[in-house]
2 protein chains.
Amino acid sequence: MARVVVDVMLKPEILDPQGQAVQRALPRLGFDGIADVRQGKRFELEVDGPVDEAALARIHEMAETFLANTVIEDFVVRVDEESAAGKAGAK
Amino acid sequence: MARVVVDVMLKPEILDPQGQAVQRALPRLGFDGIADVRQGKRFELEVDGPVDEAALARIHEMAETFLANTVIEDFVVRVDEESAAGKAGAK
C-alpha cells in the first residue's frame with residue numbers, strides 16, 4: 001500500500017497566529033536563531049492500489065475540495081518516498 | 001535563509017480521531033480507495049545562518065521538548081530541499 005502525503009499550509013500573505021506563538025516562545029525557552037515559524041497540517045493517506053497519475057489527480061482534487069481551504073491555504077501532494085523505498089526492500 | 005521542516009505525527013498505535021473523521025467522510029464525498037488517513041502537524045522554520053549539524057541538533061532538541069509530545073507523537077526534522085534548490089538558482 002502506497003502512502004501519499006498532502007501538506008496544507010496557510011498562504012504566505014495570511015497571518016499565522018499559531019506559528020507566531022511558537023516563534024515568540026522559542027527565545028524564552030532558550031532557542032535562538034529561528035526567524036519565522038509557520039504551522040500547517042500534514043495528511044498521510046494510505047492509498048489502495050497503484051499510485052498512478054489518475055490516482056494522484058483524484059487526490060489532488062480531494063485536497064483542493066476537502067483537505068485545504070484554497071482561499072487561505074496552499075497545498076502540496078506528493079508520494080512518500082520513504083514508504084516507496086521501504087517497499088523496495090530496505091525497511 | 002534556509003527552511004527546516006518538522007513533521008509531527010501521532011504514533012501509529014495512538015488513535016487519530018481527526019484522521020478517522022476525514023477517512024470516513026471521503027467515500028460520502030465521492031472519493032474511494034483511501035484505506036487510512038492520519039492527520040498531523042507540519043512546522044516550517046526559517047533558520048538564520050547556516051543549517052549545519054549543530055543547528056539541526058538544536059532544532060531536533062527543540063522539536064523533542066516543545067513542538068512534539070513524544071509520549072504520543074513522532075517527529076521528523078529535515079531540511080526543505082525545495083528552498084535549498086530554489087536558492088541554488090532554479091526558483
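Please refer to the structure placed before this passage.
Computed from a predicted model, the values in this text were never measured in an experiment. (Residues numbered from 1 in each chain as written. Chains lettered and ligands numbered in written order. Predicted model: local features only at pLDDT ≥ 70, side-chain atom pairs only at ≥ 80, totals over all residues. Heavy atoms only, no water.)

Undergrad: Account for helix α2 (residues 53–67) of chain A, with residues named and values stated.
TA: Every buried residue of α2 of chain A is accounted for by A55, I59, M62, A63 and L67 of chain A. All buried residues of α2 of chain A project into a common sector of 100 degrees when viewed along the axis, lining one side. Opposite the buried face of α2 of chain A, by more than 90 degrees, sit the exposed residues E53, A54 and T65 of chain A. The inward-facing, buried residues of α2 of chain A contact β1 (2–10), β2 (34–47) and β3 (73–79) of chain A together with α1 (17–28) and β2 (34–47) of chain B. (Buried < 20%, exposed > 50% of the residue type's maximum accessible area, 1.4 Å probe, protein only. Helix = DSSP H or I, 4+ residues; strand = E, 2+ residues; numbered from the N terminus. Arc of directions from axis to C-beta. Contact = heavy atoms within 4.5 Å.)

Undergrad: Explain the relation of the copies chain B and chain A to me, and be specific about the residues and the numbers.
TA: Note on the identical chains: chain B maps onto chain A by a rotation of 180 degrees and an axial translation of 0.0 Å, with an RMSD of 0.0 Å. Taken together, the rotation angle and the small translation identify this as a two-fold axis. For chain B, the smallest separation between a C-alpha atom and the rotation axis is recorded for K41 of chain B, amounting to 2.3 Å. Most of the interface of chain B is mirrored in chain A: 100% of its interface residues are interface residues there too. (Least-squares fit on C-alpha atoms with pLDDT ≥ 70 in both.)

Undergrad: How would you sum up the interface of chain B and chain A? Please name residues and give values.
TA: Counting residues at the interface gives 33 residues for chain B, matched by 33 residues for chain A. The three residues of chain B that bury the most area against chain A are F31, R42 and F66 of chain B, which together make up 21% of that side's buried surface. Run the count over chain B and chain A and you get two salt bridges. Across the chain B-chain A interface, the total number found is 14 residue pairs in polar contact (both at pLDDT 80 or more). Listing elements by their share of the side of chain B that touches chain A, those giving two or more residues are β1 (2–10), α1, β2 and α2 (53–67) of chain B. Counting residues per element, the side of chain B that touches chain A draws most heavily on β2 of chain B, which supplies 14 residues. Of the residues that constitute the side of chain B that touches chain A, the class distribution is 17 nonpolar, four polar and twelve charged. (Buried area = accessible area lost by both parts, 1.4 Å probe. Salt bridge = Lys/Arg side-chain N within 4 Å of Asp/Glu carboxyl O. Polar contact = N/O pair within 3.5 Å; in protein donor to acceptor, adjacent residues only side chain to side chain. Nonpolar A, V, L, I, M, F, W, Y, C, P; charged D, E, K, R; others polar.)

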